[in-house]
Amino acid sequence: MKEIFELIKKLTFGKIANYVKLNISYFFYFYFKGKNIKGLPYSLSVEPTNICNLNCLQCPTGQKILNRDTGNLKTETFNEIIKQNKKNLLTLILYFQGEPFIASKIYDFINIASKNNIYTITSTNGHYLSKENCKKIIKSGLNKLIISLDGTSQTEYEKYRQNGDFNKVISGIKNIIEVKKNLKSKLPVIELQFLVFRHNQHQIKDFFNLAKQLKVDKYKLKTAQIYDLKKDYNLIPTISKYSRYVKDKNGNYKIKNKLKNNCYRMWTSSVITWDGDVVPCCFDKDAKYKLGNINTHNFKQIWNNTKYYKFRDSIKNNRAKIDICQNCTQGL
């Protein structure tokens with residue numbers, strides 16, 4: 001309820017009108033072959049950095065196989081993003097690849113968005129939650145902080161979060177809870193997330209108990225994305241409801257999703273990398289499908305350019321042929 005209330009506080013007539021326009025555009029595109037999108041995305045993911053301190057097994061950043069340059073988002077670029085989208089944005093997600101709190105400007109970014117009446121969310125591996133940083137987080141006006149904790153012991157935690165320190169994350173969680181209390185702040189909402197793998201699925205109940213002990217606001221289980229289903233099948237949980245994948249008649253794993261030829265995200269949200277590239281969604285981790293760059297073109301121009309429309313058309317024509325869509329959970 002706290003999240004819903006905070007979101008409602010960010011609503012304006014213009015944002016509501018924009019939301020309605022986007023949904024009408026989405027409906028008309030699929031049922032009446034309408035091409036034009038009326039409105040701009042109500043949600044953006046912006047990448048503060050694509051650098052990370054961990055080496056997580058299924059993360060292209062952590063495994064050092066990301067096929068693009070690394071760096072940090074510039075304040076000028078971020079200001080331009082906000083300037084061009086503040087009237088339509090309801091939510092701003094400040095993460096994509098990398099650990100957001102490695103970017104020293106992250107607190108400024110949150111503060112700028114908050115001052116422009118935008119609901120802000122970021123996600124962290126929890127290794128930078130010192131008491132001083134927690135004070136900065138709260139004073140920045142962050143609405144929601146997601147913390148990943150994929151295990152309830154160092155042994156299980158580090159099997160996926162390689163180079164991670166379980167106790168440091170626990171200390172960080174305690175820090176943000178304590179600082180919130182000391183500053184008498186209701187925000188940010190603290191959500192603890194647990195990626196379920198085969199090696200940690202036996203700790204699910206322990207995770208629930210730990211989350212309650214830590215007194216976080218929310219806690220949830222997440223299914224994990226596996227890139228190579230033949231090589232890394234041993235990471236896939238044996239408990240079906242916690243897996244994105246299922247075995248076919250030949251005993252090979254495949255995604256449960258039927259990959260219907262539509263995608264709501266293409267009409268309502270977008271992703272911007274640290275260096276300003278606009279890409280379709282969070283599954284395009286390598287920025288393979290660059291639709292424009294915020295440093296050289298106005299976002300509205302990019303949102304309505306030929307490249308973007310061709311990509312939307314390709315989804316409608318045969319989504320299963322698009323490589324970044326083949327491991328997508330949209331529709332699960």
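Check the entry above for the structure.
Residues numbered from 1 in each chain as written. Predicted model: local features only at pLDDT ≥ 70, side-chain atom pairs only at ≥ 80, totals over all residues. Heavy atoms only, no water.

Chemist: Quick one: what's the story with the overall build of the protein, residue by residue and with numbers?
Modeler: Across its full length, the protein carries 11 helices and 11 strands. A compact globule built from 332 residues would reach a C-alpha radius of gyration of about 20 Å, and the protein, at 20 Å, matches this within 12%. Overall, the C-alpha framework of the protein stretches about 55 × 50 × 40 Å when taken along its three principal axes. Looking at the protein as a whole, 52% of its 332 residues are labelled buried. (Helix = DSSP H or I, 4+ residues; strand = E, 2+ residues; numbered from the N terminus. Rg over C-alpha atoms; globule rule 2.2 N^0.38 Å. Buried < 20%, exposed > 50% of the residue type's maximum accessible area, 1.4 Å probe, protein only.)

Chemist: I'd like a rundown of a nonpolar patch on the surface, residues and numbers included.
Modeler: Taken together, the side chains of Met1, Ile4, Ile8, Leu11, Ile16, Tyr19, Val20, Ile24, Phe27, Phe28, Tyr31 and Phe32 present a nonpolar region at the surface, about 1,300 Å² in accessible area. For the nonpolar patch, the secondary-structure elements that each account for two or more residues are helix H1 (2-9) and helix H2 (13-32). Structurally, the position occupied by Phe32 is in helix H2. We classify Phe32 as exposed; its relative accessible area is 54%. (Patch = residues over 30% accessible without salt bridge, like charges linked within 9 Å, V, L, I, M, F, W, Y side chains within 5 Å. Areas by Shrake-Rupley, 256 points an atom, 1.4 Å probe, with all protein chains shown as cover. Salt bridge = Lys/Arg side-chain N within 4 Å of Asp/Glu carboxyl O.)

Chemist: Any chance you could break down the packing of helix H5 (residues 131-140) against helix H7 (residues 166-182) for me, citing the residues and the numbers?
Modeler: The interhelical angle for the contact between H5 and H7, taken along N-to-C directions, is 50°, at an axis separation of 9 Å. On the basis of their axis angle, the class for H5 and H7 is oblique. Between H5 and H7 lies a crossing of right-handed hand. Contact residues: H5 offers Lys131, Cys134, Lys135, Ile137 and Ile138, while H7 offers Gly172, Asn175, Ile176, Glu178, Val179 and Lys180. (Axes fitted to C-alpha atoms, helices over the stretch in contact; angles between N-to-C directions. Parallel < 35°, antiparallel > 145°, perpendicular 65-115°, else oblique. Left-handed = near helix turned anticlockwise from the far one by under 90°. Contact = heavy atoms within 4.5 Å.)

Chemist: Break down the packing of aromatic side chains for me, with residues and values.
Modeler: For the coordinates displayed, the defined rule picks out 16 aromatic pairs. Ring plane angle 85° and centroid distance 6.4 Å describe the contact between Phe207 and Tyr219, whose orientation is recorded as edge-to-face. Placement of the pair is Phe207 in helix H8 (residues 204-214) and Tyr219 in strand E6 (residues 218-223), with a sequence separation of 12 residues. Pairing Phe299 with Trp303 gives two aromatic rings, centres 6.1 Å apart and planes at 20°, and the pair type is stacked. Of the two residues, Phe299 and Trp303 are both situated in helix H10 (residues 299-303); the distance of 4 residues between them amounts to about one turn of the helix. Grouping aromatic residues by their ring pairs yields a cluster made of Tyr26, Tyr29, Tyr264 and Trp267. The cationic tip of Lys316 hangs over the ring face of Tyr29; the distance from NZ or CZ to the ring centre is 4.8 Å. (Phe/Tyr/Trp six-rings, centres within 6.5 Å; stacked < 30°, edge-to-face > 60°. Lys NZ or Arg CZ within 6 Å of the ring centre and 35° of its normal.)

Chemist: Can you tell me about the pairing of E6, naming the residues and giving the values?
Modeler: Sheet faces and side chains relate simply in a regular strand, where the side chains alternate between the two faces. Across 6 bridges, the pairing between strand E5 (residues 189-196) and E6 is parallel. Bridge pairing in E6 links Gln193 to Lys220. For the crossover from E5 across H8 to E6, the handedness is right-handed. (Pairing = 2+ DSSP bridges. Right-handed = clockwise from strand over helix to strand, strands pointing away.)

Chemist: Can you lay out the sheet that holds strand E11 (residues 292-293) for me, pointing to particular residues and giving the numbers?
Modeler: Ordered by their spatial adjacency, 9 strands build an open sheet running E6-E5-E4-E3-E2-E1-E9-E10-E11, and the pairing between neighbours is mixed. The strands lining the two open edges of the sheet, one partner per strand, are E6 and E11. Running over the sheet, H1 touches strand E2 (91-93), strand E3 (119-124), strand E4 (144-148), E5 and E6 and is turned about 135° from E3.

Chemist: Account for unusual backbone geometry, with residues named and values stated.
Modeler: Most peptide bonds adopt trans geometry, and most residues besides glycine take a negative phi value. A cis amide bond links Leu187 with the next residue in sequence, Pro188, at an omega value of 0°. Even without being a glycine, Lys64 presents a positive backbone phi close to 60°. Residue position: Lys64 is located in the loop between strand E1 (43-46) and helix H3 (75-85). In this structure, Lys184 is a non-glycine residue whose phi angle is positive, near 55°. Structurally, Lys184 is set in the loop between H7 and E5. Accessibility expressed as a relative area gives 76% for Lys184, which makes it exposed.

Chemist: Tell me about the pairing of E1, and please be specific about residues and values.
Modeler: Side chains Ser43 and Ser45 project from E1 onto one buried face, and the interleaved Leu44 and Val46 project onto a second face that is buried too. Judged from the 3 bridges that link them, E1 and E2 form a sheet pairing that is parallel. Across the sheet, residue Leu44 finds its bridge partner in E2, namely Leu92. Between E1 and its parallel partner E2, the chain crosses via H3, and the hand of that crossover is right-handed. Pairing of E1 with strand E9 (residues 269-272) involves 4 bridges; the strand directions are parallel. What sits directly across from Ser45, in E9, is Val271.

Just distances and angles here, no functional claims.
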